[in-house]
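Working through the structure, step by step
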Amino acid sequence: MTTAHHSTAAPQRLPFRRTLIASALLLAAGHSWAQSAADSAPPAEQTVVVLGSRSVAKTALDTSAPVGLISLKDMQTAGPLELGKLLQTLDPSFNFSTTFISDGSDIIRPATLRSLGPDQVLVLVNGKRRHQQALVNVQQTIGRGSAGTDINAIPLGAIHHIEVLRDGAAAQYGSDAIAGVINIVLKSQVKETTLSGTVGTTSEGDGDTYSGSANTGFALGQDGGFINLTVEARKRGETNRAGPDSLRVQGAPRVTQHIGDSNAKDAYLWWNAALPIDKASEFYAFGGLSRRKGDAYGFYRSQGDDRTVPSETHADGYLPNIHTTVKDASFAFGYRRDLPNDWKADISINHGESELDFHESNSINVSYWYEPKPGGAPGQIYGESPREADTGKLKFTQTTFNADVKGPVKVGDGTVFVATGFEYRSDNYQIEAGDPVSYQYGRTNNPTIAIKGQNGKTAASGIQGFPGYTPGTAVDAGRHNVALFLDLEHKPVDQLTVAGAVRYEKYSDFGSTVTGKFSARFDPSKELGFRGSVSTGFRAPSVQQAFYSSVSTNLNNGVLTETLTARQGSAVTQAFGIAPLKEETSTGGSIGMVLRPAKNFSITADAYQIKIKDRIVFSSEVSPEKGGVGPIASILNPLGVGQAQFFTNAVDTRTRGLDIVAEHTTRLPASTLVLSGQLGFNKTEVTKRHSTSSVLTGEQLFDQSQVTLIERGQPRRHHVVAADYTAGPWNLNTRANYYGEVQASNFSPLHTWDAKWLVDASVRYAFSKRTFLSVGANNVFNTLPSEWSNGGDFPKIGFTRCWETCPIGVNGRSMYIRADTAF
């Protein structure tokens, strides 16, 4: 058993040394294996990237900011079937934390870049802004209080390649691009159909997965028009790694919780198309539909708890079942035209919708059972409650209009590349109330009637597990904003590229902001290059953060407690003195080096810093003072809730990091070996806590457990070392991911989950140039998080490994067989 409190300087340095040694050995081995052949080998095929600059496309090694490139082959040889896990496996700057018993976050998991928040990375599809998710992460997970992008709403079968800009880019692309930008480029192939199917399971015999996809393309017109279509479906079985519950079970301990992946069914239809009008212009359209259903669980309600009814139906307690349905739709339509003197124009409209429906089963509204009739005695059972109900719906919609022009301008003997444009964006957020039984306090919903549970305490309102959204929390509201931007890029000499960007945005609800960026690239030789950037950024508070409100049930010192999430401007936030949200602002900079000592070998190193002021966070749960007397109690007690929390600009943070990427290719007459190492180092610190409240200090509003979640909830080190070997029809791919230690302390004493290596491997055989069969294993050595052994209530109720900060999950080894063909 691994202990939890042995964090010293020497062990922290050791994984870094081991990683560097492993990377160096891999690269050196490949370099010495066939040095003579490498000198004459042709360079690997280069895929150009458009992210980070609006001028001509460049290779990833020629950009002024670090851009990671994930190719189609990378995606085909990696094991994960969902985009979030695949990105985490291939790019060390990306994190996709595994969550469970986290309501909607079980189906829409948080995706982050460079250890910042899910809503601080901007996602593009074909260079156009993608809408965010409807879900707000309100549980104690990574990205708590944020509404990022539902990255898994995009099927792998539709993607040609992915570009990851690891640099602040708010001045170029707008709000949310503080940590960086991910651009997903869709397939445009024609006259070919590809089919792919995968079956897999875990070493425990659960979590069976079945996936199939088809992609096909057709030519449109006579001048290069096309339409590319993708359909994909996936079914994932549940896993459960919970241990026995010895705290809340009468008699012998038994498993009561569900800790692991939930059942999920996913279906996708995506398209990408272009239709030339003449030799200089074309219409284009792309987008997709997805529908995903999840089947997760809440916390176990024990038989003696006030949230149960002592009857045959609850003789052993019960586990509420939370059903979620995620519907996502997007459609972009635009017109491109070549203008005189090498200028280009692009006009587009992009609409996206994210919807999350909640349904609760195997549950009960206790107050329905115990609501007294006139003259009745409290505590007596008077009726029954439905065991399931719709508990509400969240919906986010976004419509964006863009009009851009770009092209060269002669200035003296040189040329300045200019890009400028206008953007209008409208965001709207809706919360629809659930069925009355899902939220009511008794059938009459009369708070003045005292309804007592089986232990004589006040009965909880609403259905258990995920109480329904009420008419009071329902909302239909939005905002709009306009933006103007100007990008300039110039090469004063052949070896030097300088670029600048400025952006003005005005929002209908909180005012305007101006951001800027300057970047440069200097190449004294073909083998050596230097790059750097400085920028300011911002992130507008999302409409989800501005308008979200709910009542949920959380654990508070081992006791299930009703928790109110209060909307900004509500009576509760005003009583506490919580100011309305304003934008986050950031300053960032990076400096890096690109080294290409040979055609088949490259290495880059980029150091960066990001400072964020007035970062929007979800506050700690604010509870009444001991004894129930004091200013906090006087605000909360009349509401009948045990805790409250808010969205607030409560902290300033600083993130520093270093990314090192190396790749070496050895080509022999009958084989090719590609060795790569990606080392990611990152450290986020909360530099200041502050509060506008006269009741709550900054430390009360955002306590140490929330500081720990931001600072240590994501790995400070994430490295990827890989080898890909092809010989004739055979391909062997091995990849090792190193995840640094993480910590958490919200629901238990401070606990450290140790750093771990995860190794994936696959073997692929090509029956022909278009037909392949692959056999692979993810987490070959069945590596699991260290055990939860530091005391507290959570290990007693069945949490054996991790929960709130879980980068590697708890499933252990999984195996799969995959078949691909094209015709």
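Residues numbered from 1 in each chain as written. Predicted model: local features only at pLDDT ≥ 70, side-chain atom pairs only at ≥ 80, totals over all residues. Heavy atoms only, no water.

1. Some details on the overall build of the protein chain
Each helix and strand counted, the protein chain has 12 helices and 36 strands in total. Taking 2.2 N^0.38 as the reference for a compact globule, 823 residues should give roughly 28 Å; the C-alpha atoms of the protein chain span a radius of gyration of 27 Å, in line with that estimate. Viewed in the frame of its principal axes, the protein chain has a C-alpha envelope of about 90 × 55 × 55 Å. Within the protein chain, the fraction of its 823 residues that count as buried is 57%. A fraction of 71% describes how many contacts in the protein chain between residues 6 or more apart in sequence connect residues 24 or more apart. Of the roughly 31,800 Å² of accessible surface on the protein chain, a fraction of 57% belongs to carbon and sulfur atoms. The protein chain carries 78 positive and 78 negative side-chain charges, and their two centres are separated by 3 Å. (Helix = DSSP H or I, 4+ residues; strand = E, 2+ residues; numbered from the N terminus. Rg over C-alpha atoms; globule rule 2.2 N^0.38 Å. Buried < 20%, exposed > 50% of the residue type's maximum accessible area, 1.4 Å probe, protein only. Contact = heavy atoms within 4.5 Å. Areas by Shrake-Rupley, 256 points an atom, 1.4 Å probe, with all protein chains shown as cover. Lys, Arg positive; Asp, Glu negative; His and termini not counted. Charge placed at Lys NZ, Arg CZ, Asp CG, Glu CD.)

2. What to know about the pairing of strand β35 (residues 771-778)
A regular strand carries its side chains on alternate faces of the sheet. Here strand β34 (residues 756-766) pairs with β35 via 6 bridges, running antiparallel. Among the inter-strand pairings, Tyr765 is bridged to a residue of β35, identified as Leu773. Counting the residues in the hairpin turn of β34 and β35 gives 4 residues. Here β35 pairs with strand β36 (residues 814-822) via 8 bridges, running antiparallel. Following the sheet pairing, Gly776 is matched in β36 by Tyr816. (Pairing = 2+ DSSP bridges.)

3. A few points about the side chain of Gln172
Here Gln172 lies in helix α5 (residues 170-173). Looking at Gln172, the relative accessible area reads 7%, which means it is buried. Here the side chain of Gln172 touches Lys517 through a polar contact of 3.1 Å, side chain to side chain. Those residues in contact with Gln172 that lie beyond four places of it in its chain are Gly52, Ser53, Arg54, Asp487, Ala501, Arg503 and Lys517. (Polar contact = N/O pair within 3.5 Å; in protein donor to acceptor, adjacent residues only side chain to side chain.)

4. Considering empty space enclosed by the protein
Scanning the entire structure with this criterion turns up 19 cavities of 30 Å³ or more. The space that makes up the largest cavity amounts to roughly 910 Å³. Along its surface, the largest cavity is lined by 42 residues, and Lys85, Asp261, Asn778, Asn811 and Ser814 are the ones closest to its centre. Counting only elements with at least two residues in the lining of the largest cavity, the list comes to α4 (83-90), β10 (193-202), β12 (225-236), β13 (263-278), β31 (730-739), β34 and β36. Of all the elements, β10 adds the most residues to the lining of the largest cavity, at 5 residues. In terms of residue class, the lining of the largest cavity is built from 12 nonpolar, 20 polar and 10 charged. (1 Å grid on protein atoms, 1.4 Å probe; cavity = no way out; pocket = protein on both sides within 12 Å on 5 of 7 lines; lining within 4 Å. Points joined across faces, edges and corners; volume = space filled by probe spheres on them. Nonpolar A, V, L, I, M, F, W, Y, C, P; charged D, E, K, R; others polar.)

5. Here we look at the environment of Pro807
Mapped onto the elements, Pro807 comes out in the loop between α12 (794-797) and β36. As for Pro807 and Asp404, which are separated by 403 residues in sequence, their C-alpha atoms are 39 Å apart. Residues within four places of Pro807 in sequence aside, it is in contact with Lys85, Gln88, Asn95, Phe96, Ser97, Thr98, Pro715, Tyr739 and Val742.

6. Some thoughts on the pattern of salt bridges
Considering all chains together, one arrives at 40 salt bridges under this definition. Residue Glu621 is joined to Arg144 by a salt bridge in which the shortest nitrogen-to-oxygen separation is 3.2 Å. With Glu621 in the loop between β26 (601-618) and α9 (631-636) and Arg144 in the loop between β7 (128-129) and β8 (159-165), this residue pair connects regions lying 477 residues apart in the sequence. Classification of Arg144 by relative accessible area gives buried; the value is 10%. Across the pair Asp305 and Arg307 runs a salt bridge, and its minimum N-O distance is 3.8 Å. (Salt bridge = Lys/Arg side-chain N within 4 Å of Asp/Glu carboxyl O.)

7. Some remarks on the sheet that holds strand β9 (residues 180-186)
Note: strands within a sheet are paired through backbone hydrogen bonds, in either parallel or antiparallel orientation. In space, the 5 strands of this open sheet follow the order β3-β8-β9-β6-β7, with mixed pairing throughout. Each end of this open sheet is capped by a strand with a single partner; those strands are β3 (67-70) and β7. With 2 bridges connecting them, strand β6 (residues 121-125) and β7 associate as antiparallel partners. Within β7, the residue paired with Leu124 across the bridge is Arg129. Along the sheet, α4 contacts β3, β8 and β9; its crossing angle with β8, the most-contacted strand, is approximately 55°. (Axes fitted to C-alpha atoms, helices over the stretch in contact; angles between N-to-C directions.)

8. A few points about the confidence of the model for the protein chain
Across the protein chain, pLDDT averages 89, with 91% of residues at or above 70. The low-confidence segment residues 1-45, where pLDDT is below 50, has 53 contacts with residues more than four positions distant or belonging to other chains. (pLDDT = per-residue confidence, 0-100.)

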